[in-house]
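# Structure at a glance
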Amino acid sequence: TARKRFGQNFLTDQGVISSIVGAIAPDNNHVMVEIGPGLGALTEPVADMIDNLTVVELDRDLVKRLQYHPTLKDKLTIHQGDALQFDFNQLQQAGKKMKVFGNLPYNISTPLMFHLFEFAEQIETMHFMLQKEVVLRLSASPGNKAYGRLTVMAQYYCQVVPVLEVPPTSFTPAPKVDSAVVRLLPYAVKPWPCQNVDVLRHLVTTAFNMRRKTLRNNLKTLLSDDDFATLQVDASLRPEQISVEQYVTMANFLCDKKD
Ligand code: SAM
């Protein structure tokens, strides 16, 4: 019985499951981590391919099932708890990066993305089943209506690749929305390095505060018309018209101004 409060929609479509496992490409050279294993739809085929799989699951009843699962119990390292609070640094192993994946509860997907970006340097790849709309936001280009705060921060840390669209009928119970799988590849070397990511996060949040207003209007407490001129950024544009690179340039300018 699925619990609504934990966002439990279990994957049942074998074709979709094998496509996702293929995209994840499980191996023993990475610390493999699943968020929200549930009844094990992805857990079992992934665990079959490797020696050890770490899972983070909130629901104590599901954790118990996994602990006693005949074929899984010896392969799993189980952490019962909230993935949003989980310190992924504790999973570090010398010389290994993590591959993180999961069919996520959709109500926590945006905060979880932001939480995982904090560990981006230790992560090789992430594969997540998300609400399709969230995948559109993650992968949007400037000028697109889905382009926003999540887009800029995701594309600052990662290359974003939509992998697969998944209909509600692939799950039990069927969710009300369309889903999609996304691949996030954290940059080993960032194309637009930022001096202080807190400054970037604050700038981007402030810029998108009122989507229909201009940059000048949204950022008036941070940047003057002279600053925009120096930056060669047109202050009459709306926040969704500014590239990730331009946001990073503005953030670095703010960092320099403070020094
Ligand atoms: N991976 C399974 C599948 O594909 O069938 C289950 C997917 S279900 C959409 C989401 C899973 O995440 C559930 O098992 C749920 O209990 C778990 N979950 C919900 N909130 C969580 C949280 N904050 N931290 C960790 N797991 C969570």
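Attention in this report is confined to the structure presented alongside it. (Residues numbered from 1 in each chain as written. Predicted model: local features only at pLDDT ≥ 70, side-chain atom pairs only at ≥ 80, totals over all residues. Heavy atoms only, no water.)

### Notes on the overall build of the protein chain
- Looking only at helices and strands, one finds 10 helices and nine strands in the protein chain.
- Taken against the 2.2 N^0.38 rule, which gives 18 Å for 259 residues, the C-alpha radius of gyration of the protein chain at 20 Å falls within 12% of a compact globule.
- Over its C-alpha atoms, taken along the principal directions, the protein chain stretches across nearly 65 × 40 × 30 Å.
- Relative to its 259 residues, the protein chain shows a buried fraction of 50%.
- Partitioning the contacts of the protein chain with sequence separation of at least 6, the portion at a separation of at least 24 is 67%.
- When the accessible area of the protein chain is evaluated, it comes to approximately 12700 Å², of which 48% is carbon and sulfur surface. (Helix = DSSP H or I, 4+ residues; strand = E, 2+ residues; numbered from the N terminus. Rg over C-alpha atoms; globule rule 2.2 N^0.38 Å. Buried < 20%, exposed > 50% of the residue type's maximum accessible area, 1.4 Å probe, protein only. Contact = heavy atoms within 4.5 Å. Areas by Shrake-Rupley, 256 points an atom, 1.4 Å probe, with all protein chains shown as cover.)

### Details of the environment of Y247
- The residue Y247 is located in helix α10 (residues 244-258) in this model.
- Take Y247: its relative accessible area is 0%, and that puts it in the buried class.
- Once you skip the residues sitting within four places of it in the chain, Y247 turns out to touch Y147, V152, L200, L203, V204, A207, F208, L215, P239 and I242.

### Describing the site of the ligand
- In the vicinity of the ligand lie 23 residues, with Q8, L11, E57, D82 and N103 positioned nearest.
- A distance of 3.4 Å separates a nitrogen atom of the ligand from a polar atom in the backbone of P37.
- At a separation of 3.4 Å, a nitrogen atom of the ligand approaches a polar backbone atom of L58.
- When isolated, the ligand has an accessible area of 590 Å², and the protein chains bury 98% of it.
- Sorting the residues of the shell around the ligand by element identifies β1 (10-11) and β3 (53-57) as the ones contributing at least two each. (Near = heavy atom within 4 Å. Polar contact = N/O pair within 3.5 Å; in protein donor to acceptor, adjacent residues only side chain to side chain.)

### Focus on the nonpolar core
- By size, the foremost hydrophobic cluster in this structure holds 64 residues, and its most contacted members are F128, Y247 and M250.
- Broken down by element, this core gets its largest block of residues, eight residues, from α10.
- Membership of the second largest hydrophobic core comes to 22 residues, among which are A47, I50, L72 and F101. (Core = buried A, V, L, I, M, F, W, Y, C linked by side-chain atoms within 4.5 Å.)

### Here's the deal with the pattern of salt bridges
- Applying the stated rule across the entire model yields seven salt bridges.
- One salt bridge in this structure joins D27 and K99, with 2.8 Å as the shortest N-O distance. With a gap of 72 residues between them, D27 in the loop between α1 (14-24) and β2 (31-35) and K99 in strand β5 (residues 98-103) connect regions that are remote in the sequence.
- Classification of D27 as buried rests on a relative accessible area of 18%.
- A salt bridge links D225 to R216; its shortest N-O distance comes to 2.9 Å.
- Look at R216 and you get partly exposed, because its relative accessible area is 38%. (Salt bridge = Lys/Arg side-chain N within 4 Å of Asp/Glu carboxyl O.)

### Quick word on the pairing of strand β9 (residues 179-186)
- By the criterion of burial, β9 is predominantly enclosed, with six of the eight residues buried.
- Here strand β6 (residues 123-131) runs beside β9; their pairing, made up of six bridges, is antiparallel. Each residue of the ladder has a partner; that of M129, found in β9, is V181.
- Pairing of strand β7 (residues 158-166) with β9, which is carried by eight bridges, proceeds in the antiparallel orientation. Its bridge partner lying in β9, L164 is registered against V181. (Pairing = 2+ DSSP bridges.)

### Quick look at the sheet that holds β3
- In space, the seven strands of this open sheet follow the order β4-β3-β2-β5-β6-β9-β7, with mixed pairing throughout. Strands at the two margins of the open sheet, each flanked by one partner only, are β4 (76-80) and β7. Averaged over all pairs of adjacent strands, the angle between their axes in this sheet comes to 20°, without regard to strand direction.
- In the packing of α1 onto the sheet, contacts are made with β2, β5, β6, β7 and β9, and the angle to β7 comes to roughly 165°.
- On top of the sheet, helix α5 (residues 132-139) reaches β6, β7 and β9; it is set at about 135° to β6, its chief contact. (Axes fitted to C-alpha atoms, helices over the stretch in contact; angles between N-to-C directions.)

### Comments concerning the packing of aromatic side chains
- Taken as a whole and judged by the stated rule, the model has seven aromatic pairs.
- Here F208 and Y247 contribute two aromatic rings whose centre-to-centre distance is 5.9 Å and whose plane-to-plane angle is 35°, an arrangement assigned as tilted. Taken together, the residues F208 in the loop between α7 (197-207) and α8 (215-218) and Y247 in helix α10 connect sequence positions 39 residues apart. By the burial criterion, F208 is buried, and Y247 matches it. (Phe/Tyr/Trp six-rings, centres within 6.5 Å; stacked < 30°, edge-to-face > 60°.)

That's the geometry; what it means functionally is another story.
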